[in-house]
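A look at the structure
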Amino acid sequence: MKPNNIIVVKSKNFAINCIKLYQFLNNKKSEYVISKQLLRSGTSIGANVKEAIRGQSTADFKAKMNIALKEASETEYWIEILNESNYLTKSETANLLNDCRELIKILTSIVKTTNERINS
């Protein structure tokens, strides 16, 4: 694995930002339910990416990357909910939401490319 693998770096940084947001929501906003969902799904993205990289086969790699993609989509949902329920403002969610959507794009591309390799 390359030390600067973009999806590994971005998903890890995103997980750290989700942890910080979880702490903020708990400590400053007294929000415990949605923030826990965000924490779980937001940190799961990078964990699944790391598992995929050490996958036993291309099919295993694809399956783990697909799970990471699903977790990223779920995380996007929780960020939108936090914004639309006024726990966070648009400006508070903008960077995290953009980072999440970037992860979704990268993961979608990885899954699509892996499917093409498997099917060719």
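Everything quoted here is computed from the prediction, not taken from an experiment.

Calculation notes
Residues numbered from 1 in each chain as written. Predicted model: local features only at pLDDT ≥ 70, side-chain atom pairs only at ≥ 80, totals over all residues. Heavy atoms only, no water. Helix = DSSP H or I, 4+ residues; strand = E, 2+ residues; numbered from the N terminus. Rg over C-alpha atoms; globule rule 2.2 N^0.38 Å. Buried < 20%, exposed > 50% of the residue type's maximum accessible area, 1.4 Å probe, protein only. Areas by Shrake-Rupley, 256 points an atom, 1.4 Å probe, with all protein chains shown as cover. Lys, Arg positive; Asp, Glu negative; His and termini not counted. Charge placed at Lys NZ, Arg CZ, Asp CG, Glu CD. Contact = heavy atoms within 4.5 Å. Axes fitted to C-alpha atoms, helices over the stretch in contact; angles between N-to-C directions. Left-handed = near helix turned anticlockwise from the far one by under 90°. Nonpolar A, V, L, I, M, F, W, Y, C, P; charged D, E, K, R; others polar. Phe/Tyr/Trp six-rings, centres within 6.5 Å; stacked < 30°, edge-to-face > 60°.

Quick look at the overall build of the protein
Summing up its helical and strand segments, the protein has 4 helices and 0 strands in all. Order of helices (α) and strands (β) in the protein, N terminus to C terminus: α-α-α-α. A compact globule built from 120 residues should have a C-alpha radius of gyration of about 14 Å, and the protein, at 15 Å, falls within 12% of that. Each of the three principal axes of the protein carries a C-alpha extent, and together these read 50 × 25 × 20 Å. Relative to its 120 residues, the protein shows a buried fraction of 38%. When the accessible surface of the protein is split by element, carbon and sulfur atoms take 51% of a total near 7200 Å². Of note, the protein has its 18 positive side-chain charges centred 6 Å away from the centre of its 12 negative side-chain charges.

Some thoughts on the environment of asparagine 27
For asparagine 27, the position within the fold is in helix 1 (residues 6–29). Look at asparagine 27 and you get exposed, because its relative accessible area is 62%.

A word on unusual backbone geometry
With phi around 50°, serine 30 is a residue other than glycine that occupies positive phi space. The residue serine 30 is located in the loop between helix 1 and helix 2 (33–53) in this model. Overall, serine 30 belongs to the partly exposed group, its relative accessible area being 47%.

Section: the environment of glycine 46
Checked against the element boundaries, glycine 46 lands in helix 2. Judged by relative accessible area, glycine 46 falls into the buried class, the value being 12%. Along the sequence, glycine 46 and asparagine 86 sit 40 residues apart, while their C-alpha atoms lie 27 Å from each other.

Topic: the side chain of serine 35
Looking at where serine 35 falls in the secondary structure, it is placed in helix 2. For serine 35, the contacting residues outside a window of four places in its chain are Tyr22, Leu25 and Asn26.

Concerning the packing of helix 1 against helix 3 (residues 58–84)
Direction vectors running N to C along helix 1 and helix 3 enclose 35°, while the axes themselves pass 13 Å from each other. Two packed elements cross with a definite hand, and for helix 1 against helix 3 that hand is left-handed. Packed against helix 1, whose contacting residues are Ile7, Phe14, Cys18 and Leu25, the element helix 3 presents Met65, Thr75, Ile79 and Leu82 at the interface. Of the residues assigned to the contact of helix 1 with helix 3, the class counts are 7 nonpolar, 1 polar and no charged.

What to know about the packing of aromatic side chains
All told, the structure shown has 1 aromatic pair when counted by the stated rule. Residues tyrosine 77 and tryptophan 78 carry aromatic rings whose centres are separated by 5.0 Å and whose planes lie at 70° to one another, so their mutual orientation is edge-to-face. The class of tyrosine 77 is partly exposed, set by a relative accessible area of 45%. A relative accessible area of 15% means that tryptophan 78 is categorised as buried.

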